[in-house]
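# Survey of secondary and tertiary structure
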Protein chains: 2
Amino acid sequence: MARLLGLLSAALFAVSTTAQSSTYVNPAVPTGTPVPGNYTGDLRPQVHFSPPQGFMNDPNGMFVDAEGTWHLYYQYNPTSVVAGNQHWGHATSKDLYHWVNQPIALFPPEERVYVFSGSAVLDVNNTSGFFPDQDNGVVAIFTLARYYENGAGPQTQNIAYSRDGGYSFEYYDANPVIDSTSSQFRDPKVIWYEDHWVAVIAYAQEFAVGLFTSPDLKTWTFASNFTRHGLLGAQYECPNLVKMPVRDADGAVIDEKYVMAVSIQPGAPLGGSITEYFLGDFNGTHFTPLDSVTRLTDFAKDNYAAQFFYGVPDGQNQVNLGWASNWQYAQKVPTGNLEGWRSAMTAPRVNYITEAPRIGLVMVDEIYDVSPILDSKLKSETCDGEGRIALDYSSVESGALYIEVNVTNINTTLLTDYSTLNISFASPASGEILQSGFYFGGDTPFFINRGGIKGFDNVFFTDKFSTADVYSSGSSSTLASWSMKAVIDRSIFEVFVDRGFHTGTVVFYPSQPLTALNLASRLPAGASVSVDIWSLKRSWAEFENEQGTVLGNVTSSGNSTSRRSMVYDSKFSV
Amino acid sequence: MARLLGLLSAALFAVSTTAQSSTYVNPAVPTGTPVPGNYTGDLRPQVHFSPPQGFMNDPNGMFVDAEGTWHLYYQYNPTSVVAGNQHWGHATSKDLYHWVNQPIALFPPEERVYVFSGSAVLDVNNTSGFFPDQDNGVVAIFTLARYYENGAGPQTQNIAYSRDGGYSFEYYDANPVIDSTSSQFRDPKVIWYEDHWVAVIAYAQEFAVGLFTSPDLKTWTFASNFTRHGLLGAQYECPNLVKMPVRDADGAVIDEKYVMAVSIQPGAPLGGSITEYFLGDFNGTHFTPLDSVTRLTDFAKDNYAAQFFYGVPDGQNQVNLGWASNWQYAQKVPTGNLEGWRSAMTAPRVNYITEAPRIGLVMVDEIYDVSPILDSKLKSETCDGEGRIALDYSSVESGALYIEVNVTNINTTLLTDYSTLNISFASPASGEILQSGFYFGGDTPFFINRGGIKGFDNVFFTDKFSTADVYSSGSSSTLASWSMKAVIDRSIFEVFVDRGFHTGTVVFYPSQPLTALNLASRLPAGASVSVDIWSLKRSWAEFENEQGTVLGNVTSSGNSTSRRSMVYDSKFSV
């Protein structure tokens, strides 16, 4: 859970609606049934997850179960379009693009105590003892943050268990499992290591990630700290520790390493929130970085607090989702007033480690299999060096596109400062334009410019982002190749540059829908440029009723009265 | 020297004027007399150094001599407003604000060899043997970069010596002093350590800083590498190793540490170029960082390749100047076509190490004593919490202002998300505006927004920058204080936030001069806000002749013919 200072000021100084909604459990919050939502708004993403209504931030508790169902929980204020009154919202998916909204999974235990970020695990061997008769028990571990009239109280780590596969939870009656007097100790992420559980938890303002071990998820022992690495910003948040394969250029697994990811907020170099990561080894108690390199997950500003799904089989690529926003403007973007919701998650990403030219080992961030959302192929063109595509996609109901560009046979000795491949998306109605492109020569920057989109601005809504991609063969004289994938989805644009070596995620808010794609390739003769463009389905359409409302899973096993009473009857204490 | 890829593409592919000007020593370059310049243009900084004409990038060879004269050399193309044809320009100053342009100090030894970046030292003890009869000998050590028809040749480290205090140099006849076959080995910076010289040199594309030692500046021995630390970008450049005092909150010296600064270009998180630094200890051969923290010198995008002056007495604060631009647009900004020059240096900065609240040890970057350029005090006002200043400074001939803001007695428990202090500069004629400000509550961001300035734009000219300042007392309930200093100088704006814990440097190019300052303080009652605003002098005015031309030091000891012949007669080899 992020932006403690903000919540604090809200709670203390009653300067925004956050103050109202964040200081008691609102009886209006539906229990045992999903919050309904309308997903037809012009700014509402169609293939990305966003909450039915209200405010969402960090992804939480993500796991994939034995049936291959992906569970997404999220920091959720169902009663307002700003942060506060934090619950765990819940949605499930079979493909990570079509999401079924589920009843809210975790409720605040009492007034002035909020359910902040955390993770969940499948306790198949019943290490916790909560699941005597089942192998699909789910245990969530999360931060409960208490606020007093005069300020922030302690943040403690707590658990709740689910006997119905993660749809409803009961608080453990001996919480907290990790007590604390600190108001800056949060966001536990748990993994299994050989014979024990390992939690990484942020000591936010000490710039440390605490590592704890447990045999049963109830009793935790401090193991080590990972302290003051990389960019500090003004706080550490949402740590992740995850093992993933190291692959060679052909994709073969040659090793495995651990990634320690740390989100920083505020004070990121680009402003506000960002995520950095470190590559290293883990022995069950200590993480040892391979080097002192600071790596960033994204070259733009709208990918924060990403979490890796628990339950991906050992040896396989990992999968993560991030929060596609930035605390500098997350509570101000126009979707709140216009459509009653704020924040989407990023597209699902596939992660492994490999060697990038010159740079060395990096975590690749590629978009997850998009086949379930591909609608029709709108373009499939190739050209020799120079080419153009002008596409009117106003008839695409989703307003969402997926684009793949592959360039091969690039004779780098013929490149100039004008050797570019540019893709833009425009609204002929308003003249707004979202630009992106790659310069193959010189400093080889890939850029995104959302400055031409006029539906939202504030003093932190940075217009331009770029990175330098030392693409295959760099500037040598051999024939080089380059590729990119991109998805645009009404108010979110994501690019995966050069096999996922660089990822950029930006939100943008046009006053009129973008409906015109223009692509221009200006490369030397001999370069083979292939472009494929698909329209994307409206993932939410199949869940809409006649009134266009997405009700979600109304046949949930959850039962409002019983679960709420369980919450309040539990001997809960912080 | 930066942007090798760019120069390379220019040299190889002849796509820009760089190709012409960068491939031979232009006879038109004046020798023995300074390049004349006109410093009256609307975009020309009045208290910052900029070249008389042509293109400037990295500061080089900076030292302060026994008479207190500050010597600035700089990467200089006197024949074009883009990079190429690199010489070392030269200027001197007694106060770091009034600069006397000197004859070009270092010329390319031959065609297709460029004088890239480097440093200079005072060899008072004649360790080099070049100065038998003097104690003011100057030795410059720099990279010579050779380009062939078909690509980049080796970059080697070379020296030249000056017997006239740094005004003219003769190449050592046994260059190179550090040979290499690499085209990515450059930017030597030399310091004295106890009984020997130490050079730090960038292995640009291996992300390593090589440390070398020498008794005489002629013979160098490899000592160690500082490899793969912090953000890599796509290249390391312009390393600096410098010792500076560690001061307590009262300014008392309590320790001393070394700063290892590394510039990265391209591939900075904000795009293009940026400088990071590491704090640690140095034993004469090895630099050992205190921690794995990556710290940045600037929260904006226009401070690159900063160099620390040689010759600041041991134990004193250090002094640096940076290049106030970014390779993403340095060769495109409108001053080239409009006024015949491109790039200014930052204002001089004073540096020491101290504890920042929560963050820990940081290098402070404060503006150097501005008293020599203060003209008249335009405003000196105080208010209780809420206040406004509207200042028409169209009558200020320099168009340049210096601003100090001090806020004390801040009751942080009364702060809201609307507790701000904003300063903007506008052109009533064009409606253009440059904004900056601080939010005292929430995530405590300081921001700069140049997006309202319309005289220049490109896809890399980022509009907005921000940082999080955990200012004194942070969000505790005690009374807090905060301060800022700022200088605006026609096309450059620099802020020094909260005692120099954060520095932001931006260039901006208004279509009409900015002439209206607006300041608004919205703080709780009881907060004491004091604002002082001075107009600044036109530092260059005193050097102008009747035609408004700055001729510089035309009585230089340098002699064209003799020095040029020395260059060509020297047994120079790379």
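Within every chain, residues take consecutive numbers counted from 1 along the sequence as written. Chains and ligands are labelled by the order in which they are written, letters from A for the one and numbers from 1 for the other. The predicted origin of the model limits local features to residues at a pLDDT of at least 70 and limits the giving and counting of side-chain atom pairs to 80 or more, whereas totals for whole chains, interfaces and linings rest on all residues. Processing note: side-chain calculations cover all non-hydrogen atoms of the structure and skip hydrogens and water entirely.

For the record, the criterion: UniProt positions are given in the numbering used here, feature names are shortened, and annotations may be inferred rather than shown by experiment.
The Sequence similarities (unreviewed entry) comment attached to chain A in UniProt states, word for word, "Belongs to the glycosyl hydrolase 32 family."

### Observations concerning the overall build of chain A
Note the threshold: Strands here are runs of E lasting at least two residues and helices are runs of H or I lasting at least four, both read from the DSSP assignment and numbered beginning at the N terminus. For this measure, only C-alpha atoms enter the radius of gyration; the expected value for a globule follows 2.2 Å times N^0.38, where N is the number of residues. Remark: exposure states derive from per-residue accessible area (1.4 Å probe, protein chains only) relative to the maximum for the residue type, with buried under 20%, exposed over 50%, and partly exposed in between.
Secondary structure assignment for chain A yields 4 helices and 38 strands. Relative to a compact globule of 574 residues, whose C-alpha radius of gyration would be 25 Å, chain A shows 23 Å and is just as compact. Over its C-alpha atoms, taken along the principal directions, chain A stretches across nearly 75 × 55 × 45 Å. In chain A, which comprises 574 residues, the share counted as buried stands at 69%.

### So, the packing of aromatic side chains
Rules: Stacked, edge-to-face and tilted labels apply to pairs of Phe, Tyr and Trp rings (six-membered ring for Trp) whose centres lie within 6.5 Å, assigned for plane angles under 30 degrees, over 60, and everything in between, in that order. The criterion for a charge sitting over a ring is simple: Lys NZ or Arg CZ within 6 Å of the ring centre, and within 35 degrees of the ring normal.
Per the counting criterion, the structure on display carries 98 aromatic pairs over all chains. Plain terms: the ring middles of A:Tyr39 and A:Trp540 are 3.8 Å apart, the flat faces sit at 15° to each other, and that makes the pair stacked. Taken as a pair, A:Tyr39 in the loop between strand S1 (37-38) and strand S2 (54-64) and A:Trp540 in the loop between strand S37 (528-536) and strand S38 (549-550) lie far apart in primary sequence, 501 residues in all. Accessibility assignment for this pair places A:Tyr39 and A:Trp540 in one class, buried. Both rings, one in A:Trp192 and one in A:Trp197, keep their centres 4.7 Å apart while their planes meet at 75°; by these two values the pair is edge-to-face. Accessibility expressed as a relative area gives 34% for A:Trp192, which makes it partly exposed. Counting every residue linked through ring pairs, the aromatic cluster contains A:Tyr39, A:Phe49, A:Tyr74, A:Tyr76, A:Trp99, A:Trp540 and A:Phe543. In this structure, B:Arg44 is placed above the aromatic ring of B:Tyr39, and the distance from its NZ or CZ to the ring centre is 3.9 Å. The side chain of B:Lys218 reaches across the aromatic face of B:Phe130, ending 4.5 Å from its centre.

### Quick look at the domain arrangement of chain A
Residues and elements named next belong to chain A. Formally: Domain start and stop points were drawn from an automatic or database domain assignment. Any pair of residues with heavy atoms lying within 4.5 Å of one another is described as a contacting pair. Note on terms: buried area is the combined drop in 1.4 Å-probe accessible area of two parts once they are placed together, counting the loss on both. Only one rule defines a salt bridge in this text: a Lys or Arg side-chain nitrogen within 4 Å of an Asp or Glu carboxyl oxygen.
Domain annotation of chain A identifies domain 1 (2-31 + 48-333) and domain 2 (371-536). One C-alpha centre belongs to domain 1, the other to domain 2; they are set 32 Å apart. Listed by partner, the interface residues are 17 residues for domain 1 and 26 residues for domain 2. Carbon and sulfur atoms make up 66% of the surface buried where domain 1 meets domain 2, a total of about 1,800 Å² over both sides. A per-residue breakdown of the area domain 1 buries against domain 2 is headed by His48, Phe299 and Tyr329, which together make up 39% of the total. Inspection of the domain 1/domain 2 interface yields 1 salt bridge.

### Some points on the pairing of strand S25 (residues 360-367) of chain B
Residues and elements named next belong to chain B. Going by this rule: We treat two strands as partners when DSSP finds at least two bridges between them.
Here S25 lies mainly inside the structure; 8 of its 8 residues are buried. The pairing of strand S24 (residues 349-356) with S25 spans 8 bridges and is classified as antiparallel. Within the sheet, the bridge partner assigned to tyrosine 352 lies in S25 and is valine 364. Counting the residues that bridge the hairpin from S24 to S25 gives 3 residues, and of these arginine 358 lies at a positive phi of roughly 70°.

### Here's the deal with the relation of the copies chain A and chain B
Stated formally: Copy-to-copy alignment: least squares on C-alpha atoms, limited to residues at pLDDT 70 or above in both.
The transform that puts chain A on chain B rotates by 180° and translates by 0.0 Å along the axis, for an RMSD of 0.0 Å. In symmetry terms, the pair is related by a two-fold rotation axis.

### Regarding the interface of chain A and chain B
Interface size is commonly expressed as the accessible surface area that is lost when the partners come together. Rules: Throughout this description, a polar contact denotes any pair of N or O atoms lying within 3.5 Å of each other; where both atoms belong to protein, one of them has to be capable of donating a hydrogen while the other can accept it, and for residues adjacent in sequence the pair is counted only when both atoms sit in side chains.
Across the boundary between the two partners, chain A contributes 60 residues, which contact 60 residues of chain B. Carbon and sulfur atoms supply 55% of the area that chain A and chain B bury against each other, a total of about 4,900 Å² over both sides. Across the contact surface, chain A and chain B share 2 salt bridges. Across the contact surface, chain A and chain B share 20 residue pairs in polar contact (both at pLDDT 80 or more). Ranked by the residues each element gives to the side of chain A that touches chain B, the list is headed by helix H1 (residues 4-13) of chain A, at 4 residues.

### Focus on the sheet that holds strand S37 (residues 528-536) of chain B
Residues and elements named next belong to chain B. Condition: Every axis in this analysis is a line fitted to C-alpha atoms, fitted for helices over the stretch in contact. Angles between the N-to-C directions lie between 0 and 180 degrees.
Spatially, 6 strands are ordered S26-S37-S28-S33-S34-S35 in an open sheet, and the strand pairing comes out antiparallel. A strand with exactly one partner marks an edge of an open sheet, and here the two such strands are strand S26 (374-384) and strand S35 (502-507). Within this sheet the neighbouring strands show an average axis-to-axis angle of 10°, counted without direction. With 10 bridges connecting them, strand S28 (residues 400-411) and strand S33 (residues 479-489) associate as antiparallel partners. Residue valine 405 lies in a different strand from S33, and its bridge partner there is methionine 484.

### Description of the side chain of B:Asp365
Residue and element names in this part refer to chain B. Mapped onto the elements of the fold, aspartate 365 is located in strand S25. Reaching out from aspartate 365, the side chain makes a polar contact with the side chain of asparagine 351 at a distance of 2.8 Å. Residue contacts for aspartate 365: discarding those within four places in its chain leaves Thr297, Asn303, Asn320, Arg349, Val350, Asn351, Phe496, Gly500 and Thr503.

### A few points about the sheet that holds strand S12 (residues 208-214) of chain B
Residue and element names in this part refer to chain B. Strand order in the open sheet formed by 4 strands is S10-S11-S12-S13, with antiparallel pairing between adjacent strands. Edge positions in the open sheet fall to strand S10 (185-193) and strand S13 (221-227), since each of these has one partner strand only. Going across the sheet, the axis of each strand differs from the next one's by a mean of 25°, ignoring polarity. Here 6 bridges tie S12 to S13, and the two strands are oriented antiparallel to one another.

### Description of the side chain of A:Arg490
All names here are of chain A. We apply this condition: When charges are tallied, Lys and Arg are placed among the positive residues and Asp and Glu among the negative ones, while His and the ends of the chain are skipped.
Mapped onto the elements of the fold, arginine 490 is located in the loop between strand S33 (479-489) and strand S34 (492-497). Although arginine 490 is buried, it forms no salt bridge, and the closest oppositely charged side chain is aspartate 42 at an N-O distance of 5.1 Å. Of note is the side chain of arginine 490, whose polar atom sits 3.4 Å from the backbone oxygen of threonine 40. A polar atom in the side chain of arginine 490 sits 2.8 Å from the backbone oxygen of glycine 41.

### Examining the UniProt feature "domain: Glycosyl hydrolase family 32 N-terminal" (unreviewed entry) in chain A
Within the UniProt annotation, "domain: Glycosyl hydrolase family 32 N-terminal" (unreviewed entry) is assigned to residues 48-349 of chain A. For residues 48-349 of chain A, the end-to-end C-alpha separation is 12 Å, with 2% helix and 52% strand making up the annotated structure.

### Things to note about the pairing of strand S30 (residues 433-439) of chain B
All names here are of chain B. For strand S29 (residues 420-426) and S30, the ladder comprises 7 bridges, and the chain directions are antiparallel. Across the sheet, residue leucine 421 finds its bridge partner in S30, namely phenylalanine 438. Summarising the sheet, S30 and strand S31 (residues 445-452) pair through 5 bridges and their orientation is antiparallel. The residue bridging isoleucine 433 from the neighbouring strand is glycine 452, located in S31. Joining the antiparallel neighbours S30 and S31 is a turn of 5 residues, in which glycine 442 adopts a positive phi near 55°.

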